[in-house]
Each structure stands twice: as structure tokens, then as C-alpha cells.
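So you can see what is in the structure, the chains are spelled out below.
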Amino acid sequence: MNEKIKWLTLSPPRILVLGFAAIILLGTVLLMLPISTRTGESLGFIDALFTSTSATCVTGLVVVDTATTFSYFGEFVIMLLIQIGGLGFMTMATLFALAFKRRISLKDRLILQEAMNQSSMEGIVRLIRRVLLYSLIIEACSAVILTIRWAFDMPLGQAIYYGIFHAVAMFNNAGFDLFGDYRSLTGYVYDPVVNIVVMFLIVSGGIGFIVLSDLIDFRKQRKLSLHSKVVLTTTAALLLVGFIIIFIFEFTNPRTLGSLNWGGKFLGAMFQSVTPRTAGANTIDITGLRQATQFFIVILMFIGASPGSTGGGIKTTTFTIMVGAVIAMMRGREDIVMFRYRLAQERVLKALTIVLLAILLILTVSMILSTTEEGDFLKILFETTSAFGTVGLSMGLTPDLTVFGKIMISLTMFVGRLGPLTLAYALGRRKGKELYRHPEGKMIIG
């Protein structure tokens, strides 16, 4: 009885942290079973933990090659972890509750509100129903198209399996693939079908379920919420700027776009501007990119996807609020105005907190790893940011990490998936509203 009461008194952030940790541990145990590997030998605890964390946190960083290491059972466990991690364990729990006609309690709604990053509980169960429906429809349709395409390259049964696995992985913005030898999708740099379908999966999973719901309802309501407008505008701007910069920087690089024809250059640059949205797949060699391009991708990975999505990063809305704050300050305005709406000061402070915590985490982990791992600082920074943004892009450092490095990157993926602010709320003790305010002080800035 006491344990039940203790569970009920846990805050939603703490329940999310414990829930994700439990799924990771369960996945670790399953991946350690001899049946999970092709050789029939048990995978080491650290490697199994890293893989389970990467899958549950929908990242895609790997210390062992997925296709050549894991059996069908192991790959199925990874795919299941990706689906649960992408949609959220509370979303999956709600699915079973609805299937068995169980009542969704107030506590469950509070946790769902925290998991979906919503400001209120209103319509949260309806949103969860839509999340599940949209996810299954998008994944199923994309899997069919990929299956038809890959049926020309492999047996039909394998094409179906590959289609389902990659549709689930890419929609949930996880960079896992089954092509072996850490190749990802480099063999399909010229293929418009694979490129377009995968980019669609990445973007649709990365803009967030709230935006998807708004877009589907647009024909009836003829309007979009402020959140959806900001997300769609920021996402479009980042994709366009990313494409232009990557295309310019890599146009003459013989190791990347320089070796491709015009069609390959266009698809390659476009795909690599999309995949830092926290997806992790790649069609050109990441290690062959110029340092300027690699650092630019670090910035894109840091920004990441949008709130309420399957992706990570500080989120597009946080980035936009910070840009809006800078513009407002430079123009001498007190308010940040977007699409004729003024943003509350609380939103600005929350965005600032997320950015500072994320920068502090990435720099701290990068500095520590620079003393324990072999590799230049840009490679370490790239890998750390990829872990925090739950992206999965790699410059080849992850498979060579020490045990300590694997643990550090695993923790970074965990924090990145939950969000630094959620973890801070879970570990800290939030006080109620202050009973008094201190007198205002003045400080010189700049």
C-alpha cells in the first residue's frame, strides 16, 4: 500500500525518467540474450546497454553494426524499442488502456501532458489517439512504398522486412539501418524514391504530432495555431538554409557531392539538410565532409526537431524564441511578437534555461571525452551533439569508444531524449509560488 502511495506521489517528470530507464534496462536484458545475436554469443552488458539506450532514445548511434551483429530477434527488439521510445512509453500504455477500455486517470493525463510537452490536459487523450493513428498510417504507407522499391534489389520477404524496419526507424527519427558495415543509405544517394520517402518520414516525425493534427484539420478549420505556424516556418527555413550551405560547401568536394552528377548533388545536399533534424541516416560519407560542413551540421543537430515529436535537440520553437528575443532586444522592444501574438516572459525564460543547460551538458561531456577518447575535438563534439540531439549521425568515433565513453554517450542520449529541463525537474525539488519578491537590483550588462 505504501509503495502504491509513493508511486502516486511521484511527479510526472520523475515517472517519465523512471519509465524510460525501465524500458532501457529491459531492452538491455533482451539484447544480451544469445538469441539476439547472429553468432549465438551473448552481447556484453555495456554494448547491449548502449544499443538499448540508442534505440529507446531514438538516436541511432551504434557501437556494433546492427545488420551483422544482431539476429532477426535482436533486430525486432531494436525496432520495438524504437517504436516505444519514439511514441513514448506512456503513449503505448495509453494504447493498451484504451484497447481494454480502462479509464485514463488524472495522474495518467498529467504524465501524458508532460510526455507530449503540452501546456494543459485538455484534449490530451484525443491527441494520443491521433498520435497512434497518424503514426501507424504514415509508417504503413511508407513501408509499402519502400517494400516495392527494394523488391527490385532483394527477395520480396527481405524487402518487406526492410521496408517495415526502416519506416519505423525513420519516422521515429532513429538512425538504425540494416544495410551493414555502417553504410546507412549511401547506396541510394541517386535513388529519388528512397530519398523522398525517407525525408518525408523524417520531417513528418520531426515536426510533432500537434502540427500533424493541425495540418489534417486545416481543411475544416482553415487556420493553424501559433505553435504550428512557428514550427512549420522554422523547419522550412532550416531545411532551405541547410540545403544551400551544404550544397555550396560540398559542391566541389571529391569525397562527397563533388563525385556525383547534378541529380546526386541535389538529392545528397537535400537529404543531409533533413537528416540532422535528429534522424541519423545519411546518403553521403559524413567523415568526408569539410570541417565547416561538419560544424554546421553540429548546429543543426543542436537545434533538432520540434516539441511533441519523435526527435530531440533544444527544439525549433526554443531556437525561434531565442532568435526573437535577440531581435526584440536589438529593436528596443520589450515583447517578442510572432504572427501578431506576444509571448509570455515565462516562455522566454524556459527557452533560455533549456539552451544554457544543453550547452553546458554538451561542452562538459565533450571536454571529458576529449581526455578519455582518441580523436580531435570536432569529432568528439559532433558525436556528443549527435547523442544529445538523438540524431545518430557519426564521424566514426562511436564504435571505438572506451567503456567510459560509451557510458557517457549513453547518459547524453538519455538526457537528450527526455530533455534537460524535464530531467532537472525530476531530480530537483520544485517549490511553490513565492510568497514575497526581493527588491529590484540593477546590473550592467554587455
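Because the structure is predicted, anything quoted here is derived from the model rather than measured.

This part takes up the overall build of the protein. Helix and strand content of the protein: 19 helices and two strands. Out of the 446 residues in the protein, the part that is buried amounts to 54%. In the protein, of all internal contacts separated by at least 6 residues, the share reaching a separation of at least 24 is 69%.

A word on the pattern of salt bridges. Within this structure, the stated rule accounts for five salt bridges. Between Arg38 and Glu75 there is a salt bridge, with the nearest N and O atoms lying 3.6 Å from each other. Within this pair, whereas Arg38 is found in the loop between α2 (12-32) and α3 (45-56), its partner Glu75 is found in helix α5 (residues 72-87), the two being separated by 37 residues in sequence. Residue classification places Arg38 among the partly exposed residues on the basis of a relative accessible area of 46%. For Glu75, a relative accessible area of 2% puts it in the buried group. Arg149 is paired through a salt bridge with Asp153; the nearest N and O atoms lie 3.0 Å apart. Among the ionic contacts, a cluster of salt bridges with common partners joins Arg149, Asp153 and Asp191.

Glancing now at the nonpolar core. If you look at the biggest cluster of nonpolar residues, it comprises 77 residues, and the most contacted ones within it are Ile78, Ile82, Trp150, Phe176 and Ile409. With nine residues, the top contributor of residues to this core is helix α8 (residues 124-150). Among residues more than four places away in sequence, those in contact with Ile409 are Phe50, Leu61, Leu369, Glu383, Thr384, Ala387 and Leu401. If you look at the next biggest cluster of nonpolar residues, it comprises 38 residues, including Val230, Ile321, Phe382 and Met395.

The subject of this paragraph is the packing of helix α10 (residues 192-206) against helix α13 (residues 262-274). Put simply, α10 and α13 touch, their axes get as near as 10 Å, and they point 20° apart. The angle between α10 and α13 places the two elements in the roughly parallel class. The chirality of how α10 crosses α13 is left-handed. Facing α10, whose interface residues are Pro192, Asn195, Val198, Met199, Ile202 and Val203, α13 presents Leu267, Met270, Phe271 and Val274. Of the residues contributing to the contact of α10 with α13, the split by class is nine nonpolar, one polar and no charged.

With that settled, consider the packing of aromatic side chains. Within this structure, the stated rule accounts for 14 aromatic pairs. With centroids separated by 5.3 Å and ring planes inclined at 75°, the aromatic side chains of Tyr72 and Tyr161 adopt a geometry described as edge-to-face. Pair noted here: Tyr72 is in helix α5 and Tyr161 is in helix α9 (residues 156-171), with a separation of 89 residues, a long-range link. A network of ring pairs unites the aromatic residues Tyr72, Trp150, Tyr161, Tyr162, Phe179 and Tyr188 as a single cluster. Over the aromatic face of Tyr72 sits the side chain of Arg38, whose NZ or CZ is 5.9 Å from the ring centroid.

Located in the positive-phi region is Ser184, a residue other than glycine, with phi close to 55°. Take Ser184: it is sitting in the loop between α9 and α10. One non-glycine residue, Thr278, adopts positive backbone phi at about 95°. By secondary structure assignment, the location of Thr278 is in the loop between α13 and α14 (291-303). Its relative accessible area of 0% is what places Thr278 among the buried residues.

Attention now goes to a nonpolar patch on the surface. Judged by side-chain polarity, Leu240, Ile244, Ile248 and Phe249 come together as a nonpolar surface patch covering roughly 370 Å² of accessible area. Note that Ile244 resides in helix α12 (residues 226-250). Ile244 sits in the partly exposed class, given a relative accessible area of 39%.

Conventions used here
Residues numbered from 1 in each chain as written. Predicted model: local features only at pLDDT ≥ 70, side-chain atom pairs only at ≥ 80, totals over all residues. Heavy atoms only, no water. Helix = DSSP H or I, 4+ residues; strand = E, 2+ residues; numbered from the N terminus. Buried < 20%, exposed > 50% of the residue type's maximum accessible area, 1.4 Å probe, protein only. Contact = heavy atoms within 4.5 Å. Salt bridge = Lys/Arg side-chain N within 4 Å of Asp/Glu carboxyl O. Core = buried A, V, L, I, M, F, W, Y, C linked by side-chain atoms within 4.5 Å. Axes fitted to C-alpha atoms, helices over the stretch in contact; angles between N-to-C directions. Parallel < 35°, antiparallel > 145°, perpendicular 65-115°, else oblique. Left-handed = near helix turned anticlockwise from the far one by under 90°. Nonpolar A, V, L, I, M, F, W, Y, C, P; charged D, E, K, R; others polar. Phe/Tyr/Trp six-rings, centres within 6.5 Å; stacked < 30°, edge-to-face > 60°. Lys NZ or Arg CZ within 6 Å of the ring centre and 35° of its normal. Patch = residues over 30% accessible without salt bridge, like charges linked within 9 Å, V, L, I, M, F, W, Y side chains within 5 Å. Areas by Shrake-Rupley, 256 points an atom, 1.4 Å probe, with all protein chains shown as cover.

So, to be careful, I would describe these as geometric facts and stop short of saying anything about function.
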